[in-house]
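Spelled out from the first residue to the last, the chains are:
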Amino acid sequence: MSHDESAVGPDDDDLVAETASLLETFGLTSYEAKCFVALTRIGHGTAREIAEVADVPRPRVYDSVESLADRGLADVQDAQPRRFRAPEPRDAVETVRREYGERLDRLEGLLPRLQSPEPREERAGVWVVEGDDAVSDRLAALADDAGDELLVVLAVESLLTDEVRDALAAADERGVEITVASPSPAIREAVAETVPAASVVETWTWWESHPIRAGEISAILMADGRELIVSSDLETDLPGIDRHSAVWTDDERAPLVGLMRPLLAEAIRSGSPAHGPA
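All values derive from a computational prediction rather than experimental measurement. (Residues numbered from 1 in each chain as written. Predicted model: local features only at pLDDT ≥ 70, side-chain atom pairs only at ≥ 80, totals over all residues. Heavy atoms only, no water.)

Caption draft 1: Just the packing of helix 3 (residues 47–54) against helix 4 (residues 58–70), in detail. In the contact formed by helix 3 and helix 4, the axes pass within 9 Å of each other and the chain directions differ by 105°. On the basis of their axis angle, the class for helix 3 and helix 4 is roughly perpendicular. Residue-level contacts link Ala47, Arg48, Ile50 and Ala51 of helix 3 to Arg58, Val61, Tyr62 and Val65 of helix 4. Here the contact of helix 3 with helix 4 is built from residues that sort into 6 nonpolar, no polar and 2 charged. (Axes fitted to C-alpha atoms, helices over the stretch in contact; angles between N-to-C directions. Helix = DSSP H or I, 4+ residues; strand = E, 2+ residues; numbered from the N terminus. Parallel < 35°, antiparallel > 145°, perpendicular 65-115°, else oblique. Contact = heavy atoms within 4.5 Å. Nonpolar A, V, L, I, M, F, W, Y, C, P; charged D, E, K, R; others polar.)

Below, the structure is given as structure tokens:
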């Protein structure tokens, strides 16, 4: 084969597989994803050349690449034999981004139309989220809702994601009064760096010598005294691997809010100052 494939060698199968798998999450079929990856590797080529690199039957290359062309992810040259060319990686990403942006914009317009003009009255409730990403996302979402005050106790560094830090920084810019308590120096330093105006205190000092066990609280966040999330660790089937689960509410009428408000205030009050606004 005349094409230079040195950019991806035999030891990079994981890179090829991961790229193809990611493309499938954007709606490409397995064959389309493999053909796109192969075409990106060789730049341009015939169906035979793509089939050899992609390990896809040649008859399926034609319909796969034509489908890619319909989405703006490949160019087709009307020659004998037909030749195909990949777009620049940045252009390909922008094409996918634009396509999904249009779909999300359309969805944003459709979903509100599904809601009843007279929504049913909802009872005060407590909801459950499971998984580290879901818990962190909910922490960030409740922080985004805060208008006056955020009280946070955080004992597990993995929950302080970039999204949570961004939400705390955005809350600070809105003028929200932020207090963060943690037994972890790393967490306190990260918060102080992200939100210099926040009051950061050391609390739950027992945690360092007695790490959180499955079922124990790993994070609490209260926004404006009415929205609340409480997370804990759960054991998994994998040895030494835990995952987070949380209960949360955005309704101040929920009994959990009234129960946790004084406990959270006491946990923060009893902590020793580690950082505060200048």
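From this point, things continue past the structure.
Caption draft 2: Broad picture of the packing of aromatic side chains. Applying the stated criterion across every chain yields a total of 2 aromatic pairs. Between Phe26 and Tyr100 the ring centres are 5.4 Å apart and the planes differ by 75°, which places this aromatic pair in the edge-to-face class. You can see Phe26 sitting in the loop between helix 1 (13–25) and helix 2 (30–42) and its partner Tyr100 sitting in helix 5 (residues 89–114), a full 74 residues away along the chain. Considering the side-chain rings of Tyr62 and Phe84, the 6.4 Å spacing of their centres and the 65° angle between planes classify their relative orientation as edge-to-face. Separated by 22 residues along the polypeptide, Tyr62 in helix 4 and Phe84 in strand 3 (residues 83–85) bring together distant segments of the chain. The lysine or arginine in question, Arg103, covers the ring of Tyr100, its NZ or CZ lying 4.8 Å from the ring centre. Looking at Arg138, its charged tip hangs above the ring of Trp248, at a distance of 4.0 Å from the centre. (Phe/Tyr/Trp six-rings, centres within 6.5 Å; stacked < 30°, edge-to-face > 60°. Lys NZ or Arg CZ within 6 Å of the ring centre and 35° of its normal.)

Caption draft 3: Geometry of the sheet that holds strand 1 (residues 44–46). Taken in spatial order, the 3 strands line up as 1-3-2 in an open sheet, and their pairing is antiparallel. Single-partner strands in this sheet number two, and they are strand 1 and strand 2 (75–77). Neighbour to neighbour, the strand axes of the sheet diverge by 25° on average, direction disregarded. As defined by bridge partners, strand 2 adjoins strand 3 across 3 bridges and the pair is classed as antiparallel. Each bridged residue has a counterpart across the sheet, and for Val76 the counterpart in strand 3 is Phe84. (Pairing = 2+ DSSP bridges.)

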